[in-house]
Amino acid sequence: MVKSAYISWGYLVRKSIANYLDIDSSELSIGFYISPTTQNAEIFFVEKLENGAGYCNFLSGRKYHEIPQKAIIDPLNEGGVIYEQLISGEHSLECSTSCYDCIRDYSNQFIHGQLDWRLGLDIARLSMNKDACVDFTVEYWRSYITSTIIPFLTNKGYIVRFEGNVLEATNDNCAIMVTHPLWSEIFIRKIKKGVTDNVKVINIIDLTKNMPIGNTIA
């Protein structure tokens, strides 16, 4: 799931760069790897035009120190142009994970099932502030839960409780707790202490895989 989050972030960054430089996003390809030195997940970009156009050098900030902030960080944080496009009612209500209006395109069709713009925004927030909270209290997760997840569970016969980070659904046969894909096992165990005993844990991405096709942009 971490890889999916980083790749999704990579395509959001590419979208931001293309908008900032006024270029076609297809001029940049995205890669993902684990650094052998730090063991941290990283994304990288490669220019696809023959001989390159110098975008990567320009974006590195080595010469223009403010460019990474303006082209990569700011557009994907609250108030930024790409952020606002993503959380707009028209998009956020219709796009459960990814679509051709946000981060899907022909070139990445083989990983469409891994892309999720909300996970991408979570990494974008962490790139700006390493102490940012990754949870369901942020606007784009909370609105998704109230507009899509809760009605889905209710229609399945569950009684739903959603308070803070706790999203719990119970019926006569079982209880489930919906978690964020990037939460650690330690954090999940901490939250479970305050919910029903013998609760089954399922992250929100796995839950949406069981939703009717009509609730997901295909």
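About the criteria used
- Residues numbered from 1 in each chain as written.
- Predicted model: local features only at pLDDT ≥ 70, side-chain atom pairs only at ≥ 80, totals over all residues.
- Heavy atoms only, no water.
- Pairing = 2+ DSSP bridges.
- Helix = DSSP H or I, 4+ residues; strand = E, 2+ residues; numbered from the N terminus.
- Axes fitted to C-alpha atoms, helices over the stretch in contact; angles between N-to-C directions.
- Contact = heavy atoms within 4.5 Å.
- Buried < 20%, exposed > 50% of the residue type's maximum accessible area, 1.4 Å probe, protein only.
- Polar contact = N/O pair within 3.5 Å; in protein donor to acceptor, adjacent residues only side chain to side chain.

Undergrad: A description of the sheet that holds strand 4 (residues 166-170) should follow, citing residues and the corresponding values.
TA: Across the sheet, 4 strands lie side by side as 3-4-5-6; this open sheet has mixed pairing. The open sheet is flanked by strand 3 (159-163) and strand 6 (200-203), the only strands paired with a single partner. If you compare each strand with its neighbour and ignore which way they point, the axes differ by 25° on average. Bridge count for strand 3 against strand 4 is 5 bridges, and the pairing is antiparallel. Each bridged residue has a counterpart across the sheet, and for Phe162 the counterpart in strand 4 is Leu167. Strands in contact with helix 7 (residues 139-155) are strand 3, strand 4 and strand 5 (175-179); relative to strand 3, the strand with the most contacts, it is inclined by about 165°. Along the sheet, helix 8 (residues 185-192) contacts strand 4, strand 5 and strand 6; its crossing angle with strand 5, the most-contacted strand, is approximately 135°.

Undergrad: Report on the pairing of strand 5, specifying residues and quantitative values.
TA: Burial analysis of strand 5 places 5 of its 5 residues in the buried class, which makes it a mostly covered element. Bridging between strand 4 and strand 5 involves 4 bridges; their strand directions are antiparallel. Across the sheet, Leu167 pairs through a bridge with Val178, a residue of strand 5. Linkage of strand 4 to strand 5, two consecutive antiparallel strands, is achieved through a turn of 4 residues. Two strands pair when backbone bridges link them, and strand 5 and strand 6 are joined in this way by 4 bridges, in the parallel orientation. From the neighbouring strand, Ile176 faces strand 6, where its bridge partner is Lys200.

Undergrad: Explain the environment of Arg104 residue by residue, including any values.
TA: By the element assignment, Arg104 lies in the loop between helix 5 (89-92) and helix 6 (117-128). Given the relative accessible area of 11%, Arg104 is considered buried. With 20 residues separating them in the primary sequence, Arg104 and Glu84 have C-alpha atoms 18 Å apart. Polar contacts involving the side chain of Arg104 include one to the side chain of Ser98, which spans 2.7 Å.

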